[in-house]
Amino acid sequence: MSGFLTKSDETVRVRFGAGLRHSIADEVARLGATHALVLSTPQQSNSALELAEKLGSAAVGVFCRATMHTPVDVTEQAVAHTQETGADCLVSIGGGSTTGLGKAIALRTGLPQIVIPTTYAGSEATPILGQTENGVKTTLTDARVLPQVILYDPELVSGLPVGMTVTSALNAMAHAAEALYAPDRTEASDALAIEGLRAFADGLPQVIQSPGDIAAREATLRGAWACGTVLGQVGMALHHKLCHTLGGTFDLPHADTHAIVLPHAVSYNARAAAAALKPVTDIFDGPGPGRALHRFAQKVNAPLALRDLGLREADLDRAATLATSRPYPNPQPVTREDIRALLQAAWAGETPAN
Ligand code: NAD
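Notes on the structure in this doc start here. Every value quoted in this text rests on a predicted model; they were computed, and no experiment measured them.

Side note on the site of the ligand
Step number 1: Close contacts around the ligand come from 23 residues, with Thr41, Ser97, Thr118, Thr119 and Thr126 the closest.
Step number 2: Between Thr41 and the ligand, the recorded distance is 2.6 Å, taken from a side-chain N or O atom to an oxygen atom.
Step number 3: Here Thr126 contributes a side-chain N or O atom positioned 2.6 Å from an oxygen atom of the ligand.
Step number 4: When residues of the shell around the ligand are assigned to their parent elements, the largest contribution, three residues, is made by helix α4 (residues 96–109).
Step number 5: A class-by-class count of the residues in the shell around the ligand yields eight nonpolar, 13 polar and two charged.
Step number 6: There are two domains that each give the shell around the ligand at least three residues, and those are domain 1 (5–157) and domain 2 (162–348).

A closer look at the pairing of strand β6 (residues 113–117)
Step number 1: In terms of burial, β6 is largely enclosed, as five of its five residues are buried.
Step number 2: Side chains Gln113, Val115 and Pro117 project from β6 onto one buried face, and the interleaved Ile114 and Ile116 project onto a second face that is buried too.
Step number 3: As paired strands, strand β5 (residues 89–94) and β6 are joined by five bridges and run parallel to one another. Paired with Val91 across the bridge in β6 is Ile114.
Step number 4: Pairing of β6 with strand β9 (residues 149–152), which is carried by two bridges, proceeds in the parallel orientation.

Here is what the cut-offs are and how they apply
Residues numbered from 1 in each chain as written. Predicted model: local features only at pLDDT ≥ 70, side-chain atom pairs only at ≥ 80, totals over all residues. Heavy atoms only, no water. Near = heavy atom within 4 Å. Polar contact = N/O pair within 3.5 Å; in protein donor to acceptor, adjacent residues only side chain to side chain. Helix = DSSP H or I, 4+ residues; strand = E, 2+ residues; numbered from the N terminus. Nonpolar A, V, L, I, M, F, W, Y, C, P; charged D, E, K, R; others polar. Domains from an automatic or database assignment. Buried < 20%, exposed > 50% of the residue type's maximum accessible area, 1.4 Å probe, protein only. Pairing = 2+ DSSP bridges.

See the structure below:
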């Protein structure tokens, strides 16, 4: 089944279906391209090589050095490789790190992208690109980084280890939860956020019980698309700010950090935005949205405490200062003292208040 979303004045082709990766040659040809460069992380080089094999003479090579947080030096090597090989299209197979590399190359070269996501991060559905240079991560929004084609193949995501499945799903759910109280939200973004949250509320427990359940994997990929799309449509707040700070400064793993912080950030904002967060309370069965998400996280065996990721208690003061150093819109006023308390609770893995 196919769906479509807007890429400025064009249309992004979004397809869902088991085995869709096998149609990669047709998708490349459909773009009018004949020289595809396949991108992946080193860990997924086998998947990239398989795709290149399927592409046959329509593949000019494989670049499998995608890295978390899209370091600019890796992008520069990839752009040089793109030019040397005469590539006229990019095929990214992997999670947000590989998608980020494809977006970064597209920004610099204007090449069209086909993305085959293998996690739930949702980057493929946003015009957002985060890049790291000299240890500093900056984020830009530019329609030129949106892919032309997204192929969601549930067979590929069925190989995502259960632990990563859980944290990646909570990462996706965080986009939807924060979209519900975004100042620029619309009825359409609310509907999409709710669709995404429902998909994971229903599908994630099934997928954990049976990781190879292709129908449940496809349902959760649909959730990932919905959550990623709202991330690209409306502004994010406290939760994403905290995860950005913790990931960037303390080098904590992206999806795990999202998974742990989400119930606490939602609980914090429930003080000011309980009505906007009511769908979360309802979908995850109360009593409040943060507590409901915390219980869901426990049920799916998500990591619950930042200390288990290696963050030291002594770092919490600095994290609170960094996360509150620049003002940003958030439903509940952000004070250093309150954020310090939130971080303490997330560090210790406590149940949030609301
Ligand atoms: P990732 O892409 O870094 O993947 C983590 C590891 O898992 C990698 O080694 C990868 O090769 C491996 N992996 C991925 N899928 C697999 C599978 N199906 N089976 C086995 N191994 C698999 O992780 P992620 O959480 O998808 O992405 C995180 C990155 O994406 C961060 O840099 C984050 O900032 C970015 N991101 C960007 C946006 C955006 O809109 N720009 C949105 C979400 C995330």
